[in-house]
Amino acid sequence: MAKELLKGNVAIAEAAVRAGLQAYFGYPITPQTELLEHMSARMPELGRTFLQAESEVAAINMVYGAASTGVRVMTSSSGPGISLMQEGLSYIAGSEVPAVIVDIMRGGPGLGNIQPAQSDYNQITKSAGHGDFRPIVLAPGTVQEAIDHTVLAFDLADKYRTLVFVAGDGMIGQIMEPAELPPMRQPAQTRPAWALTGADNRPKNVVSSLYLGAEKLEALNKRLQAKLQQIKENEVRFEAINTADADIVIVAFGTAGRIAKTAVTEARRQGLRVGLFRPVTLFPFPSSQLEKLAARTKAMLVVEMNAGQMVDDVKLAVNGKTPVQFYGRTGGAVALPDEILDQIILLDKRYPAKKATPNGQGVVISVA
Amino acid sequence: MVDVMMEKAPEKVMWAEKMVYERPAALSDIPTHYCPGCTHGLIHKLIGEVIDELGIRQRTISVSPVGCAVFMYDYFDVDGAEAAHGRAPAMATGIKRVQPDNIVFTYQGDGDMASIGMAEIIWAATRGENITVFFVNNAIYGMTGGQMAPTSLPGQVTGSSPNGRDVEMTGMPIRMAELLAGLPGASYVVRRSVHNIQTIKQAKKAIRTAFQVQMAGAGFALVELLSSCPTNWKMTAADSLTWIKENMVPYYPLGDYKVADVVKTLNNRGK
Amino acid sequence: MQTELVFSGFGGQGVLFGGMVLAYAGMDNGKNVTWIPSYGPEMRGGTAHVTVVISDEEIGSPLTRRPQVAVVFNIPSMTKYEDTVTPGGLLIYNSSLINHSPKRADIRYLAVPANDIAGKLGNARMANMVVLGALIAATGLLPLEAVCQALRNHLPAAKQKFVQSNIVALQRGADLVKNLQAA
């Protein structure tokens, strides 16, 4: 299929439709509204379900209901809406039904603004609701990746019966660039054995996150943790550019990651050995890959469109093997390549080459 | 013993076995956790009987609330989902929209529906969702041990209104049937009670109609059922039934609050 | 090679659309392109701006602090972007609406009386196409025909009737530059 000039929000919506989405429930919020609008036209046209809910609270519980019947279902929102969805997200996780959530992040906290940000990182990778669960989180950096991640999100959600987030930001939502959509897949005609379809000549199915006895609830938790372990082992995705000989490695995801690419190119032009490590899955986090890199870099620079969230995971991953510095912009501001380059140059001057650093005792420094 | 009986089995049996009462097939053969004298069990039975009579057990999906009926999915032998507190109408919407051939019902208490879930029920009714809703109003939070509910009566003593519900501070109790009947999207909204044989019979009829509305694709149907909570009302089962009659019915009059034309047609067809 | 351009003006001046036509033309000619607008409340009444990047390489940052080309349609945009153009770059301005004395010596300026030209063609709303034609002629970024073809390829069916008049507007803009260059 030929490339088309596609807006991120529209591309994600159409990719979901082509991945066999049966139902979409959502509530308008900038900067993801084009996604909902695309669904409002496209889903009824295909005889599928679109419903604009009365709130994000209702939307996520509609998702929960539809997911309980074993169909592919999704919603999309931005930070303030994701906060409202946390209750439903937790129930979905506890009930082990698959669902895909798109978060087109904007500046926070509170009402914040509608400019691009990555400040929901902690919320969606670590605390998407009460109780012990973690969604798989995919972080696209381009429109093409947003499309590919959306399709992958449904496959992973079904495979593990889990929540999968596609975590973009306002820029991914609003940008247009050439990309190729996948071929159309029809929604599955059959339903999984656990789905609520009516107890017709089979024992009844129940979708619930309620386990009153400690033993039973602990069993659920153990099952969820085992699943997370499996996900950690099999689903880590990342992109590493020019890291093989890099003295300094930039770690950045999504939009910040693609912007950092330009900074890396410019740094190389200036003779600095700089590489980029871009986590594609924010959960599972590519920790061991980063740890390996840490052993041979003199410093890492984490760049985010927030006040420093993923940087904690980077520090945990490298475990002191290399200094980790943070550079972030907040409130909808975006770090541009020249700012990142300035940080690289500072870092390059501050730290001697790796061989001069006592092994495993790199100083961990964080500068806001 | 069995052998002996077999041996004795006479050819000239003087009586024929006649089943006069049995558990509806729609109800699972397990004891409920409801308190003695509580009318939840009775309401379950009425719903189960109607599901049997309508022959819809195999395509029914229940949505349980958070509240005393949280384990409802255990008691009905139908597919079931457990919703978040107050969100049953949204969850039922999600199910029904992708499974229009299933019969989807929610069963919600007064706290679940009239307090935390007010937005979800208002909007399900407004959209005319083709679901059936049973609203069990016992004027108290049962599961958490007897706190003031949105439907607690003025002056009613509860765990969180120890001096009686002060309506100056908390407002007057909400009449859900009247409220929802005012929404154009609702097709069938009635209030019944289960405090004596006559009201139980009327309740069952309404439950039946509420399912029939959905089966006909005729939109949103809700039956409010005045129900007892002897434990948290701190009275005997018998007294609690009297309390419904003497205290709840005057504030929550029984009756049909919305019977859309499309539903009247159904009723006539049935007769 | 990579070119970063900013288009800026009032909402309603077709600023975003002008950038989009350029992005389409770039894509159709095998280039990597990005198009990213300002969005939200700014869309109504304030300045609308869009950053377009056209590149032979994979595009990293779709945003830039120092565009090689700024195309400004109104005075606030002139004020905002004149200082940002990278030295040696180009600033194209709509001289029908902007009466401006260039203040920098290290960039090129191109004054296009876009509203006047478009008005003479019968529709002031085509000012954006006049400017785009001038941009193409002044930069040689893409062949003018590529932009014309992008209109044919990508305008929705309901808008196809405007293709020919838009192509004329593009041509007028390009002619203006050629005449300046010849003079």
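Residues numbered from 1 in each chain as written. Chains lettered and ligands numbered in written order. Predicted model: local features only at pLDDT ≥ 70, side-chain atom pairs only at ≥ 80, totals over all residues.

Colleague: Teacher, can you tell me more about the overall build of chain A here?
Modeller: Broken down by element type, chain A carries twelve helices and 15 strands. Radius of gyration (C-alpha) of chain A: 21 Å, near the 21 Å computed for a compact globule of 368 residues. C-alpha atoms of chain A, sized along the principal axes, occupy 70 × 50 × 40 Å. Looking at chain A as a whole, 60% of its 368 residues qualify as buried. (Helix = DSSP H or I, 4+ residues; strand = E, 2+ residues; numbered from the N terminus. Rg over C-alpha atoms; globule rule 2.2 N^0.38 Å. Buried ≥ 20, exposed ≤ 12 C-beta atoms within 10 Å, placed from the backbone.)

Colleague: How do you make sense of the pairing of strand β2 (residues 23-26) of chain A when you look at a structure like this?
Modeller: Sheet faces and side chains relate simply in a regular strand, where the side chains alternate between the two faces. All names here are of chain A. Residues of β2 alternate between two faces, with Ala23 and Phe25 on one and Tyr24 and Gly26 on the opposite face, all of them buried. One ladder, built from four bridges, connects β2 with strand β3 (residues 49-52); its direction is parallel. Paired with Gly26 across the two strands is Gln52, which belongs to β3. Taken together, β2, helix α2 (residues 33-45) and β3 form a β-α-β motif whose crossover is right-handed. Where β2 lies against strand β4 (residues 73-77), two bridges are found, and the strand directions are parallel. (Pairing = 2+ DSSP bridges. Right-handed = clockwise from strand over helix to strand, strands pointing away.)

Colleague: Quick question: what am I supposed to make of the interface of chain A and chain B here?
Modeller: The parts lose accessible area when they come together, and the size of an interface is often stated as this lost area. Chain A puts 32 residues into the contact, and the matching count from chain B is 28 residues. For the side of chain A that touches chain B, the elements supplying multiple residues, two or more each, are β2, β3, α3 (56-68), α4 (79-95) and β9 (206-207) of chain A. Take the side of chain A that touches chain B: its biggest share by element is eight residues, from α3 of chain A. In the side of chain A that touches chain B, the residues fall into 15 nonpolar, 13 polar and four charged. Relative to strand β2 (residues 79-82) of chain B, β9 of chain A runs parallel, the two sharing two bridges. Residue pairing for β2 of chain B: Val207 of chain A is matched across the bridge by Ala81 of chain B. (Contact = placed C-beta atoms within 7 Å. Nonpolar A, V, L, I, M, F, W, Y, C, P; charged D, E, K, R; others polar.)

Colleague: Would you mind going over helix α6 (residues 118-126) of chain B with me for this structure?
Modeller: Residues spaced three or four apart along an α-helix point in a common direction, a consequence of the helix completing one turn every 3.6 residues. Where α6 of chain B is concerned, the buried positions are Glu120, Ile121, Ala124 and Ala125 of chain B. Relative to the axis of α6 of chain B, the buried residues are bounded by an arc of 125° and lie together on one face. Of the surrounding elements, those touching the buried residues of α6 of chain B are α3 of chain A together with α4 (88-98), α5 (110-116), α8 (176-181), β5 (186-193) and β6 (220-226) of chain B. Backbone geometry just after α6 of chain B places Gly128 of chain B at a positive phi near 65°. (Arc of directions from axis to C-beta.)

Colleague: I'm lost on the environment of Ser77 of chain C in this one. Help?
Modeller: All names here are of chain C. By the secondary structure assignment, Ser77 is in helix α2 (residues 75-81). Residue classification places Ser77 among the buried residues on the basis of 26 C-beta atoms within 10 Å. Setting aside chain neighbours within four positions, we find Ser77 in contact with Ser8, Gly9, Thr47 and Val72.

Colleague: Any chance you could explain the interface of chain C and chain A here in plain terms?
Modeller: Facing 15 residues of chain C, the contacting portion of chain A comprises 20 residues. Counting only elements with at least two residues in the side of chain C that touches chain A, the list comes to α1 (15-28) and β2 (32-37) of chain C. It is β2 of chain C that contributes the most residues to the side of chain C that touches chain A, five residues altogether. Among the residues making up the side of chain C that touches chain A, the classes are represented as ten nonpolar, four polar and one charged.

Colleague: For this particular structure, what's the right way to read the sheet that holds β3 of chain A?
Modeller: Whether parallel or antiparallel, the strands of a sheet pair through hydrogen bonds between backbone atoms. Residues and elements named next belong to chain A. One open sheet holds the seven strands; their spatial order is β3-β2-β4-β5-β7-β6-β13, and the pairing between them is mixed. Strand pairing shows two members of the sheet lacking a second neighbour, β3 and β13 (281-283), which therefore form its edges. Each neighbouring strand pair of the sheet contributes to a mean axis angle of 20°, computed without reference to strand direction. One ladder, built from seven bridges, connects strand β5 (residues 99-105) with strand β7 (residues 163-169); its direction is parallel. Among the inter-strand pairings, Val102 is bridged to a residue of β7, identified as Val166. (Axes fitted to C-alpha atoms, helices over the stretch in contact; angles between N-to-C directions.)

Colleague: Looking at this model, I keep getting lost on helix α4 (residues 127-139) of chain C. Mind explaining?
Modeller: Residues and elements named next belong to chain C. The end-to-end C-alpha distance of α4, which contains 13 residues, comes to 18 Å, matching closely the 18 Å that a straight helix rising 1.5 Å per residue would cover. In terms of burial, α4 is a largely internal element, twelve of the 13 residues being buried. Within the span of α4, buried status applies to Ala127, Asn128, Met129, Val130, Val131, Leu132, Gly133, Ala134, Leu135, Ile136, Ala137 and Ala138. Once α4 ends, the next one or two residues include Gly140, with phi positive near 65°. (Expected span 1.5 Å × (residues − 1).)

Colleague: Mind showing me how you'd approach the nonpolar core here?
Modeller: Generally speaking, nonpolar side chains in soluble globular proteins are found buried as a group. Val63, Ala99, Leu138, Ile250 and Val302 of chain A together with Val130 and Ala134 of chain C are the most contacted members of the largest nonpolar core, which has 269 residues in total. Residue assignment places this core across two domains, with domain 1 (4-192 + 208-234) and domain 2 (238-356) of chain A each supplying three or more. Beyond its immediate chain neighbours, meaning those up to four positions away, Val302 of chain A contacts Val251, Ala252, Met310, Val311, Val314, Val324 and Phe326 of chain A. (Core = buried A, V, L, I, M, F, W, Y, C linked by C-beta atoms within 7 Å. Domains from an automatic or database assignment.)

Colleague: Before we go on, may I ask you to explain the pairing of β2 of chain B in this structure?
Modeller: Residue and element names in this part refer to chain B. In β2, alternate side chains face the same way, and those of Asp79 and Ala81 on one face and Gly80 and Glu82 on the other are all buried. The pairing of strand β1 (residues 60-64) with β2 spans four bridges and is parallel. Residue Val63 lies in a different strand from β2, and its bridge partner there is Ala81.

Colleague: Help me understand the domain arrangement of chain A, please; the structure alone is not making it clear to me.
Modeller: Residues and elements named next belong to chain A. Assigned domains of chain A: these are domain 1 (4-192 + 208-234) and domain 2 (238-356). The centre of domain 1, based on its C-alpha atoms, is set 28 Å off from the matching centre of domain 2. In this complex, domain 1 contributes 27 residues to the contact, which on the side of domain 2 involves 22 residues. Counting residues per element, the ones that place at least two in the side of domain 1 that touches domain 2 are α5 (121-126), β6 (136-138), β7, α7 (170-174) and α8 (214-234). The residue makeup of the side of domain 1 that touches domain 2, split by class, is 13 nonpolar, ten polar and four charged.

Colleague: Before we go on, may I ask you to explain the packing of α4 of chain C against helix α6 (residues 163-182) of chain C in this structure?
Modeller: All names here are of chain C. At a minimum axis separation of 6 Å, α4 and α6 run at an interaxial angle of 45°. In this view, α4 runs oblique relative to α6, as classed from their interaxial angle. The handedness of the crossing between α4 and α6 comes out as right-handed. Along its contact with α4, which presents Met129, Val130, Val131, Leu132, Gly133, Ala134, Ile136, Ala137 and Ala138, the element α6 presents Asn166, Ala169, Leu170, Gln171, Arg172, Gly173, Ala174, Leu176, Val177 and Lys178. (Parallel < 35°, antiparallel > 145°, perpendicular 65-115°, else oblique. Left-handed = near helix turned anticlockwise from the far one by under 90°.)

Colleague: Please clarify how the sheet that holds strand β11 (residues 248-251) of chain A should be interpreted in this entry.
Modeller: Residue and element names in this part refer to chain A. Read across the open sheet, the five strands follow the order β10-β12-β11-β14-β15; overall the sheet is mixed. Looking at which strands have only one partner, the edges of the open sheet turn out to be β10 (238-241) and β15 (324-328). Put simply, the sheet's adjacent strands are angled 20° from each other on average, direction ignored. Inspection of the sheet shows β11 paired to strand β12 (residues 274-279) by four bridges, in the parallel sense. Paired with Ile250 across the strands is Leu276, a residue of β12. Here helix α9 (residues 254-269) sits on the sheet and contacts β10, β11, β12 and β14 (299-304); the angle it forms with β12, its principal contact strand, is near 170°. Packed onto the sheet, helix α11 (residues 310-318) meets β11, β14 and β15 and runs at close to 155° relative to β14.

Colleague: Which parts of the structure should I look at to understand unusual backbone geometry?
Modeller: Comment: phi is negative for the bulk of residues other than glycine, and the bulk of peptide bonds are trans. For the bond running from Gly108 of chain A to Pro109 of chain A, omega is 0°, close enough to zero to count as cis. Inspection of the secondary structure puts Pro109 of chain A in the loop between β5 and α5. With an omega dihedral of 0°, the bond running from Phe283 of chain A to Pro284 of chain A counts as a cis peptide bond. Within the fold, Pro284 of chain A resides in the loop between β13 and α10 (287-294). A positive phi angle is found at Lys234 of chain B, which is not glycine, with a value near 60°.

Colleague: Would you take a moment to explain the confidence of the model for chain C for this structure?
Modeller: Low pLDDT marks stretches whose predicted atomic positions should not be read closely. The predicted model of chain C averages 93 in pLDDT, with 96% of residues at 70 or higher. Confidence metrics for the complex model read pTM 0.93 and ipTM 0.92. (pLDDT = per-residue confidence, 0-100.)

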